[in-house]
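Now for the letters of each chain:
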Amino acid sequence: MPPQYANRLETSALLLSGLCLMHCLGLPLLLAALPALATVLAVPEAVHFYLVITALPLSLTVLAYGSRQHKSFMPLAVGILGLLFMTAALTEKFHSDEIILTVVGAAGLALAHIKNWKRRSRCLANSGI
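So, here's what we can say about the structure. (Residues numbered from 1 in each chain as written. Predicted model: local features only at pLDDT ≥ 70, side-chain atom pairs only at ≥ 80, totals over all residues. Heavy atoms only, no water.)

Once that is clear, we can look at the side chain of threonine 102. Among the secondary structure elements, threonine 102 is positioned in helix α4 (residues 98-127). Owing to a relative accessible area of 9%, threonine 102 belongs among the buried residues under this scheme. Once you skip the residues sitting within four places of it in the chain, threonine 102 turns out to touch Cys20, Cys24, Met86 and Ala89. (Helix = DSSP H or I, 4+ residues; strand = E, 2+ residues; numbered from the N terminus. Buried < 20%, exposed > 50% of the residue type's maximum accessible area, 1.4 Å probe, protein only. Contact = heavy atoms within 4.5 Å.)

This is the structure in structure tokens:
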């Protein structure tokens, strides 16, 4: 995979994690401050499912590619843990902890992508590409 393509995928994954965090933290605060917006900003529950379904293949692809390139599996492990937290938040069993699990998962996933990006960049710089 060309470095530019990997960087684009990593950027997309980071943006998705950021959107998830903004949705989980920012939207409730905004609605608490301005309750009238609740009717205008009603977000269907299925949004959570679609965000996770999009994040799974995108994140796993980029993190696995990075791990093979820089030979460090820590970003991949942290990313998988983050994805597991986000997936668990979708289940009925953990519905009461949905926000906490999603925020922890999205933050962990974002951290994994940042670490992966830095390690890939360092690896590319050392190889002279």
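Cys20, Ala55, Leu63, Met86 and Leu109 are the most contacted members of the largest nonpolar core, which has 14 residues in total. Apart from residues lying up to four places away in sequence, methionine 86 is in contact with Cys20, Val52, Ala55, Leu101, Thr102, Gly105, Ala106 and Leu109. (Core = buried A, V, L, I, M, F, W, Y, C linked by side-chain atoms within 4.5 Å.)

Turning to helix α2 (residues 46-70), a few remarks are in order. The end-to-end C-alpha distance of α2 is 36 Å, a good match for the 36 Å that 25 residues give at a rise of 1.5 Å each. When the local axis directions of α2 are compared, the greatest deviation, roughly 25 degrees, occurs at alanine 55, which is followed within four positions by the proline proline 57. Taken residue by residue, α2 has His48, Leu51, Val52, Ala55, Leu58, Ser59, Val62, Leu63, Tyr65, Gly66, Ser67 and His70 as its buried positions. One or two steps after α2, the chain reaches lysine 71, where phi turns positive at roughly 60 degrees. (Expected span 1.5 Å × (residues − 1). Bend = angle between axes of the 7 residues up to and from the residue.)

So, about empty space enclosed by the protein. Considering all chains together, one arrives at 2 cavities of 30 Å³ or more under this definition. Cys20, His48, Leu51, Val52, Met86, Ala89, Leu90, Glu98 and Thr102 are the residues that line the largest cavity. Of all the secondary-structure elements, those providing two or more residues to the lining of the largest cavity are α2, α3 (74-89) and α4. If one sorts the elements of the lining of the largest cavity by residue count, α2 sits on top with 3 residues. Considered as a void within the structure, the second largest cavity measures approximately 30 Å³ in volume. (1 Å grid on protein atoms, 1.4 Å probe; cavity = no way out; pocket = protein on both sides within 12 Å on 5 of 7 lines; lining within 4 Å. Points joined across faces, edges and corners; volume = space filled by probe spheres on them.)

What follows deals with the packing of α2 against α4. Two numbers describe how α2 lies on α4: the axes approach to 10 Å, and their chain directions differ by 30 degrees. When the axes of α2 and α4 are compared, the pair comes out roughly parallel. In this structure, the crossing between α2 and α4 has a hand that is left-handed. Contacts from His48, Ala55, Ser59, Val62, Leu63, Tyr65, Gly66, Ser67, Gln69 and His70 in α2 reach Glu98, Leu109, Ala112, His113, Asn116, Arg119, Arg120, Cys123 and Leu124 in α4. Grouping the amino acids of the contact of α2 with α4 by side-chain chemistry returns 8 nonpolar, 8 polar and 3 charged. (Axes fitted to C-alpha atoms, helices over the stretch in contact; angles between N-to-C directions. Parallel < 35°, antiparallel > 145°, perpendicular 65-115°, else oblique. Left-handed = near helix turned anticlockwise from the far one by under 90°. Nonpolar A, V, L, I, M, F, W, Y, C, P; charged D, E, K, R; others polar.)

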